[in-house]
Amino acid sequence: MLGKDSTYREFNDDDDHNEEMQSPDFFRDVVEADGEERDERPSSEDDARGSTPSMRVSKACLKNVFTVVLIFIYLLLTTVAAFLAYQTISDFLEKLNHPVMSVTYKEVDMFSPPGIALYPGNARLLSCRHHYHDHIPPLVNPGKPQDSDCVIEEVTYNGLFTNQTKKKALVVRGPSDVHSRELIFMQFSQNETEEDFSAITYMLFAKFSDLDNSLNKSGFMRDCERNYSTWTFSGGFRTWVKMSLVTTSGKSDQSVEFRQESTVVKFNDKRPETERSNQLFFAVFEWRDPFIQEIQLIVTANPWSSAAILCGVFMALFKAANFAKLTVQWIIRMRKRHLRNKARQQGIIN
């Protein structure tokens, strides 16, 4: 009997528990508990959300600053590369248009006898003699014709700029023995009452033999007048001309130029008063030293080095462009991520 009572009591307890679970008050309590738990979750999320805005602002500022710095670096690299390219091209053109002069001195024992073209006009050549070792003997009967030992050739041709004007040139074979200090001493006479200014023009050209071997001497003298400079020496003085030869060679042509140093000494005229109406001219020509100055024009612009520098510049530009491309892609990716996070947060809030 006791066993049956205990079993009956346990059965009744189970029935009572089932009736409590099926009662409406039980579900009401469960719903309220769930509601309380849901109310507690958003409160924790709100706390977390309330602590992050300052962090988001600081991250956004850092991103913007970093982006500006990257853009500035790209612009700086581009500017430097463009400047280097411009400077390289400018230097190459400057060196190409202005070659460097290389000067050397070549010593010779004998010079080729130069041509001394004199344009005396109304003056008359009185004498022309060779002397050596810088020694000129005292004048004997100045103003009178004397013996000459120079090789002289007379050429008459039309003027270079005025074809109607005839020009008469006395071309003298110049000195050649520089070690013996060979010189040529010439004396001219001219009636000073015929001219307002008394001077004789002369011109130097490289080789007397060029004129001697030329078939067209008039054309040769015209070419010399076109290519060489002219000088003058005045009456009443002794003009001592010391010549030097300069050769200039470029890429394809070669030119010869005469340089000179001249000293002027007054002539003490001791002639009688009746003979002083004729103005006397004295000229001395000799070589200054046994050296020929050779000038060679050298173009220092190297196209290969310039091309290498330009390749490096363009490579830097390419790298800078690639860097800018990656920067833009990174900015777009960060922007999309920011928008995606913002949309997610808005969904959570909603």
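Our subject is the structure that appears above.
### Section: the overall build of the protein chain
Across its full length, the protein chain holds six helices and 11 strands. Split into buried and exposed, the 350 residues of the protein chain put 28% on the buried side. Restricting to contacts in the protein chain with at least 6 residues of sequence separation, those with at least 24 account for 78%. A total accessible area of about 23,600 Å² is found for the protein chain, and carbon and sulfur atoms account for 55% of it.

### Here we look at the state of the cysteines
Throughout the structure, instances matching the rule amount to one disulfide. Here Cys-128 pairs with Cys-150 through a disulfide, and the sulfurs are 2.2 Å apart. Judged by the sign of its S-S torsion, about -85°, the bond between Cys-128 and Cys-150 is left-handed. One end of the pair, Cys-128, is in strand β3 (residues 124-131); the other, Cys-150, is in the loop between β3 and β4 (152-158), and 22 residues separate them in sequence.

### A closer look at the nonpolar core
Judged by nonpolar contacts, the single largest core of 25 residues is most densely connected at Leu-118, Val-172, Met-186, Phe-188, Phe-233 and Phe-285. No other element matches the five residues that strand β11 (residues 278-298) contributes to this core. Listed in part, the 13 residues of the second largest apolar core include Tyr-157, Val-171, Leu-211 and Cys-224.

### Regarding unusual backbone geometry
Positive phi is not limited to glycine here, since His-133 has a value of about 60°. Here His-133 shows up in the loop between β3 and β4. Of note in this structure, Arg-181 is not a glycine but carries a positive phi near 55°. Tracing the sequence through the fold places Arg-181 in the loop between β5 (166-173) and β6 (183-191).

### Structural notes on the sheet that holds β5
Hydrogen bonds along the backbone pair up the strands of a sheet, which may run parallel or antiparallel. Ordered in space as β4-β5-β2-β7-β8, the five strands form an open sheet in which the pairing is antiparallel. With one partner strand each, in any of the chains shown, β4 and β8 (230-234) form the two edges of the open sheet. Taken pair by pair, the neighbouring strands of this sheet meet at an average axis angle of 30°, ignoring direction. Sheet analysis places strand β7 (residues 199-205) next to β8, joined by five bridges and oriented antiparallel. Residue Ala-199 lies in a different strand from β8, and its bridge partner there is Ser-234. Here helix α5 (residues 217-227) sits on the sheet in contact with β2 (115-119), β4, β5 and β7, set at roughly 80° to β4.

### Quick word on the side chain of His-131
Its place among the elements puts His-131 in strand β3. Classification of His-131 by relative accessible area gives buried; the value is 12%. Each residue touching His-131, except ones within four places of it in the same chain, is listed here: Pro-137, Arg-181, Glu-182, Leu-183 and Phe-185.

### Quick word on α5
Restricting attention to buried positions, one finds in α5 the residues Gly-219, Phe-220, Met-221, Cys-224 and Glu-225. Looking at the buried residues of α5, the elements they touch are β2, β4, β5, β7 and α4 (208-213).

Reading the values: rules and limits
- Residues numbered from 1 in each chain as written.
- Predicted model: local features only at pLDDT ≥ 70, side-chain atom pairs only at ≥ 80, totals over all residues.
- Heavy atoms only, no water.
- Helix = DSSP H or I, 4+ residues; strand = E, 2+ residues; numbered from the N terminus.
- Buried < 20%, exposed > 50% of the residue type's maximum accessible area, 1.4 Å probe, protein only.
- Contact = heavy atoms within 4.5 Å.
- Areas by Shrake-Rupley, 256 points an atom, 1.4 Å probe, with all protein chains shown as cover.
- Disulfide = S-S within 2.5 Å.
- Core = buried A, V, L, I, M, F, W, Y, C linked by side-chain atoms within 4.5 Å.
- Pairing = 2+ DSSP bridges.
- Axes fitted to C-alpha atoms, helices over the stretch in contact; angles between N-to-C directions.

These figures come from the coordinates and say nothing about function on their own.
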